[in-house]
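# Structural overview for review
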Amino acid sequence: MSRPIQASLDLQALRHNLEVVRRAAPRSRVWSVVKANAYGHGLDRVWSALGATDGFAMLNLEEAILLRERGWKGPILMLEGFFHADELPLFDKYRLTTSVHSNWQLKALAGAKLNAPLDVYLKINSGMNRLGFTPERVHSIWQQLKAIANVGQITLMAHFADADRPDGIDAAMVRIEQAAEGIDAPRSLSNSAAALWHPQAHFDWVRPGIVLYGASPSGQWRDIATSGLQPVMTLKSEIIGVQTLKPGDTVGYGSRYRAMGEQRIGIVACGYADGYPRHAPDGAPVLVDGVRTGIIGTVSMDMLTVDLTPCPQAGIGSPVELWGNEIKIDDVAAACGTVGYELMCALAPRVPVSTR
């Protein structure tokens, strides 16, 4: 029998979450964001479940080619564009939409030999100061793009740093409107948080990412608890060992946890080499045999330890949910001082994955 840890993906939940986004932004088309190997879910496993989307958005050229080879004929947006000019023949061959955020990309587009123009997303720096042109430069860049024969439709694109807050897009929208003055072009501005909570930013295309996979863009499950979003990924394992501690006994590397009294603990086949965060604190939530409890002691490479006090019936072979329908990935991430995005993306290749 193989090691009992396994991740399972609920593809119906993925389809459902896409419909939740459509209801939230009914007048917009949807770019389903599948970067980072579909947020750790496996692009090849899940893309067909998102087949009702209007387009896919990603970073890696290899993943875009994979979608084309699997039969996707709709739009594909490369969120960071091309990284080198010699990639443009492949953008042309596979008909990819490219973002443009730097001067060198303009020159590369102008000098490329393409069979047909490429659609372009002109990136506005909305104040996040990662990629994009400052608002005062956008009109000039737009004019330059219009003059390049290799450029097809131009869409204005921006991103929000603080869309999980009620007033979090206000300053960015001022910069975007400044940049867009006098430009008649479609817009794609909204990430997951803006798609859910800021309808004034929906415009022509929204770009949901984390919400498609059933986690919260704010990192707090309570913020999406009434949204109808459903977790897609469940990570499960089993108890493979039980110890009974005496007062003063310690657990794990560094002896971080010390028992105050007699206590049963369970050893779970899951560790940081599977993608569970090593820095998870005592009390990080876990479900053992249907009962919520917490981990104790430092997470090891291949194992972690849980308190069996709330579930005295549990023993070797008892099922454990690390995250999923009952233990929300956002709650685990919050306990660990991170976000659900990181836990999804960190799922290790050695963990078997099934779909349903």
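Procedures and definitions
- Residues numbered from 1 in each chain as written.
- Predicted model: local features only at pLDDT ≥ 70, side-chain atom pairs only at ≥ 80, totals over all residues.
- Heavy atoms only, no water.
- UniProt positions renumbered as here; feature names shortened; annotations may be inferred.
- Helix = DSSP H or I, 4+ residues; strand = E, 2+ residues; numbered from the N terminus.
- Buried < 20%, exposed > 50% of the residue type's maximum accessible area, 1.4 Å probe, protein only.
- Contact = heavy atoms within 4.5 Å.
- Areas by Shrake-Rupley, 256 points an atom, 1.4 Å probe, with all protein chains shown as cover.
- Lys, Arg positive; Asp, Glu negative; His and termini not counted.
- Charge placed at Lys NZ, Arg CZ, Asp CG, Glu CD.
- Domains from an automatic or database assignment.
- Buried area = accessible area lost by both parts, 1.4 Å probe.
- Polar contact = N/O pair within 3.5 Å; in protein donor to acceptor, adjacent residues only side chain to side chain.
- Pairing = 2+ DSSP bridges.
- Right-handed = clockwise from strand over helix to strand, strands pointing away.
- Phe/Tyr/Trp six-rings, centres within 6.5 Å; stacked < 30°, edge-to-face > 60°.
- Lys NZ or Arg CZ within 6 Å of the ring centre and 35° of its normal.

For the chain, an unreviewed UniProt entry supplies the name Alanine racemase and the organism Cronobacter turicensis. The chain has a UniProt comment under Sequence similarities (unreviewed entry) that states "Belongs to the alanine racemase family." A UniProt comment under Cofactor (unreviewed entry) is attached to the chain, and it reads "pyridoxal 5'-phosphate".

The subject of this paragraph is the overall build of the chain. Scanning the chain for helices and strands turns up 11 helices and 18 strands. Once the C-alpha set of the chain is aligned to its principal axes, its extents read approximately 75 × 40 × 35 Å. Taking all 356 residues of the chain together, 55% fall into the buried category. Sequence-distant contacts, at least 24 apart, represent 64% of the contacts inside the chain between residues at least 6 apart. Of the roughly 15,400 Å² of accessible surface on the chain, a fraction of 50% belongs to carbon and sulfur atoms. Of the side-chain charges in the chain, 34 are positive and 35 negative, and the distance between the mean point of each set is 3 Å.

Summarizing the sequence annotation, UniProt attributes the feature "active site" (unreviewed entry) to K35 and Y253 in the numbering used throughout. Spanning 219 residues, the annotated positions stay apart in the fold, the maximum distance between their C-alpha atoms being 35.0 Å. A residue is classified by how much of its surface remains accessible, and K35, at 31% relative accessible area, is partly exposed. Relative to the helices and strands, Y253 is located in the loop between β11 (250-251) and β12 (257-258). When its relative accessible area of 60% is taken as the criterion, Y253 is described as exposed. Once residues within four sequence positions are removed from consideration, Y253 is found in contact with T298 and S300.

Another aspect to go through is the domain arrangement of the chain. On domain assignment, one finds that the chain holds domain 1 (11-215) and domain 2 (233-355). If you look at the interface, domain 1 gives 9 residues, while domain 2 gives 9 residues. Across the domain 1 to domain 2 interface the summed buried area is about 840 Å²; carbon plus sulfur atoms make up 75%. Inspection of the region where domain 1 meets domain 2 yields 0 residue pairs in polar contact (both at pLDDT 80 or more).

Turning to the pairing of strand β5 (residues 97-100), a few remarks are in order. Judged by which residues are buried, β5 turns out to be covered on both faces: T97 and S99 on one side and T98 and V100 on the other are all buried. In this structure, strand β4 (residues 76-78) lies alongside β5, joined through 2 bridges in parallel fashion. The residue of β5 that forms the bridge with L77 is T97. In this fold, β4 hands off to helix α5 (residues 88-93), which returns the chain to β5; that crossover is right-handed. Two strands pair when backbone bridges link them, and β5 and strand β6 (residues 118-123) are joined in this way by 3 bridges, in the parallel orientation.

Scanning the model with the defined rule gives 9 aromatic pairs in all. Judged by centre distance (6.2 Å) and plane angle (35 degrees), the rings of Y39 and Y341 are tilted. Within this pair, whereas Y39 is found in helix α2 (residues 35-39), its partner Y341 is found in helix α11 (residues 340-345), the two being separated by 302 residues in sequence. Exposure remark for Y341: the relative accessible area of 28% places this residue in the partly exposed category. What links up through ring pairs into an aromatic cluster is the set W31, Y121 and W205. For K328, the ring lying beneath its charged end belongs to W221, and the centroid distance is 4.5 Å.

What follows is about the UniProt feature "modified residue: N6-(pyridoxal phosphate)lysine" (unreviewed entry) in the chain. The UniProt feature table records "modified residue: N6-(pyridoxal phosphate)lysine" (unreviewed entry) at K35. On the secondary structure map, K35 appears in helix α2. Setting aside anything within four residues of it in sequence, one finds K35 in contact with A57, M58, L59 and L79.

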